[in-house]
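Architecture at a glance
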Amino acid sequence: MFRIEDLNNFQRDVLKEIGNIGAGHAATALSQLLADKINMTVPAVSILPLDQVHNLLGGPEELLVGIYMRVFGESPGKIIFLFSYQDALTLVDKLTGSKIGFTQNLGEFEESALKEISNIMTGAYLNALVRLTGFTLIPSVPAFACDMAGAIINSALLDFGVMGDHALIIETQFSITERQIRGHFFLVPDPGALEVILNALGAGPTCKE
Amino acid sequence: MQGVTLIVSMAEMKFSRAPDQLVTLGLGSCIGVCMHEPLLKIGGLAHVMLPEDSLAIDKSNKAKFANTAVPLLIEELVKMGANSERLVVKMVGGAHMFSFGKNDNSLNVGSRNQMAIENMCKKYGIHIIGKSIGGNAGKSITFDLETGNVRVRSLNANICII
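Bringing the packing of aromatic side chains into the picture now. Residue and element names in this part refer to chain A. Applying the stated criterion to the full structure yields three aromatic pairs over all chains. On the basis of an interplanar angle of 90° and a centroid distance of 4.7 Å, the ring pair of Phe81 and Phe185 is categorised as edge-to-face. Taken as a pair, Phe81 in strand E4 (residues 77–84) and Phe185 in strand E8 (residues 181–189) lie far apart in primary sequence, 104 residues in all. Here the aromatic cluster, defined as three or more aromatic residues joined through ring pairs, consists of Phe81, Tyr125 and Phe185.

Below, the structure written as structure tokens:
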């Protein structure tokens, strides 16, 4: 099997570009949903040992909100959204048109709002990926968790168990200009899916830099 | 004498003796296996991620899998002088962090980890004397080698000691 550690720079750039296009679509969707300006960073493609993934977000015990979706189709994988607890509350306020600071905790309604945002952004992201590759990609319904960063990330990455020691993470950060909400968006292809994606884009394992 | 606190990260395993403490943070579907020898007050903590090494491409890290971590814990503690008949285990973690609905069993790595560890302990005749398993909350644990107590912390519940 093609291992993520073997990716060359050209292939990483290809993946970064996918992330860029997908995230662009997702940001547009979010912007329309919230009627606000959204900034996004250029995606970073990182290959991290599993035990270091949570360090991206401030340590294993940081309180985070995570929304997780499986992606089914030719190139299966997962999509994970992560927000700090405070940013999740602000995001709900934005979506519901409440005064910032109105939402104090995450009940069923707030959970549902956050899932819906993730759903819409995932749809936009996958749609871009589908157009590029010609694949059929279908997201699962979103699952929600609010807990320690370590527990959320590791459980999401491990759900089906089949995993190397490294995770390929295509990460984009969104921020809503005035509110400083930052969201992390991770696309994590399943181990076998990487080759499929690269092949579809003409950058398969045999391709030279 | 003040002991040292050793941090065990994901898929790691560490050993020490009283008065030290072994700590692992943010257990989700992973399981912290605390093995203790109460007489010598030595112990080991493994942060197990997956039930079996047959599930992985790279099997080199024995601490990562339930079926290889348990025998290795025993082996190392026996090397440190433990009597294998006195070894006891406490296990924490195995949560079901993400659920897609009430009858959802798809993300059950946690309970598979639990079963794998229980099977291995049974096979080697090690008693499991404490558990804090399942649920949907992440946990952090502190394993005190002096007493064998395991302090379990989660974000929405009180600290409990098993």
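Further notes follow.
All names here are of chain B. Overall, mixed pairing links the five strands, which are arranged E2-E5-E4-E6-E7 in an open sheet. Of all the strands in the sheet, just strand E2 (13–17) and strand E7 (127–133) have a single pairing partner and so form its edges. Neighbour to neighbour, the strand axes of the sheet diverge by 15° on average, direction disregarded. As judged from the six bridges shared by strand E6 (residues 88–93) and E7, these two strands associate in the parallel manner. Along E7, the bridge assignment pairs Val92 with Ser132. Against the sheet, helix H1 (residues 66–79) makes contact with E2, strand E4 (31–37) and strand E5 (42–48), and its axis sits at roughly 165° relative to E5, the strand it touches most.

This brings us to the sheet that holds strand E10 (residues 157–161) of chain B. Residue and element names in this part refer to chain B. Within the open sheet, the five strands sit side by side as E1-E3-E8-E9-E10. Their pairing is mixed. The sheet is open, and its two borders are formed by strand E1 (5–7) and E10, each paired with just one other strand. When strand polarity is set aside, the average angle formed by the axes of neighbouring strands in this sheet is 20°. Summarising the sheet, strand E3 (residues 21–27) and strand E8 (residues 139–144) pair through five bridges and their orientation is antiparallel. Note on E8: the bridge partner recorded for Leu22 is Phe143.

Next up on the list: the interface of chain B and chain A. Each partner contributes residues to the interface: chain B has 30 residues there, and chain A has 31 residues. Carbon and sulfur atoms supply 67% of the area buried between chain B and chain A, which totals about 2600 Å² over both sides. Summed over the shared surface of chain B and chain A, the number is one salt bridge. For Arg153(B), the salt bridge identified is with Glu61(A), shortest N-O distance 3.2 Å. There are five residue pairs in polar contact (both at pLDDT 80 or more) connecting chain B and chain A. At the level of elements, E3, E8 and strand E9 (150–154) of chain B are the ones that each hand at least two residues to the side of chain B that touches chain A. Split by residue class, the side of chain B that touches chain A holds 16 nonpolar, 10 polar and four charged.

Let us now look at the environment of Glu146(B). Residue and element names in this part refer to chain B. Relative to the assigned elements, Glu146 resides in the loop between E8 and E9. A residue is classified by how much of its surface remains accessible, and Glu146, at 36% relative accessible area, is partly exposed. For the pair formed by Glu146 and Gln21, sequence separation is 125 residues and the distance between their alpha carbons is 8.2 Å. Other than its neighbours up to four places away in sequence, Glu146 contacts Ala18, Pro19 and Lys41. For Glu146, the side chain forms a polar contact with the side chain of Lys41, separated by 2.7 Å.

What follows is about the environment of Glu74(A). All names here are of chain A. In this structure, Glu74 sits in the loop between strand E3 (63–73) and E4. Sequence separation of Glu74 and Thr133 is 59 residues, and the distance between their C-alpha atoms is 9.8 Å. With residues up to four places along the chain from it excluded, the contact list for Glu74 reads Gly134, Phe135, Thr136, Leu137 and Val196. There is a polar contact of 2.7 Å between the side chain of Glu74 and the backbone nitrogen of Thr136.

Calculation rules
- Residues numbered from 1 in each chain as written.
- Chains lettered and ligands numbered in written order.
- Predicted model: local features only at pLDDT ≥ 70, side-chain atom pairs only at ≥ 80, totals over all residues.
- Heavy atoms only, no water.
- Phe/Tyr/Trp six-rings, centres within 6.5 Å; stacked < 30°, edge-to-face > 60°.
- Helix = DSSP H or I, 4+ residues; strand = E, 2+ residues; numbered from the N terminus.
- Pairing = 2+ DSSP bridges.
- Axes fitted to C-alpha atoms, helices over the stretch in contact; angles between N-to-C directions.
- Contact = heavy atoms within 4.5 Å.
- Buried area = accessible area lost by both parts, 1.4 Å probe.
- Salt bridge = Lys/Arg side-chain N within 4 Å of Asp/Glu carboxyl O.
- Polar contact = N/O pair within 3.5 Å; in protein donor to acceptor, adjacent residues only side chain to side chain.
- Nonpolar A, V, L, I, M, F, W, Y, C, P; charged D, E, K, R; others polar.
- Buried < 20%, exposed > 50% of the residue type's maximum accessible area, 1.4 Å probe, protein only.

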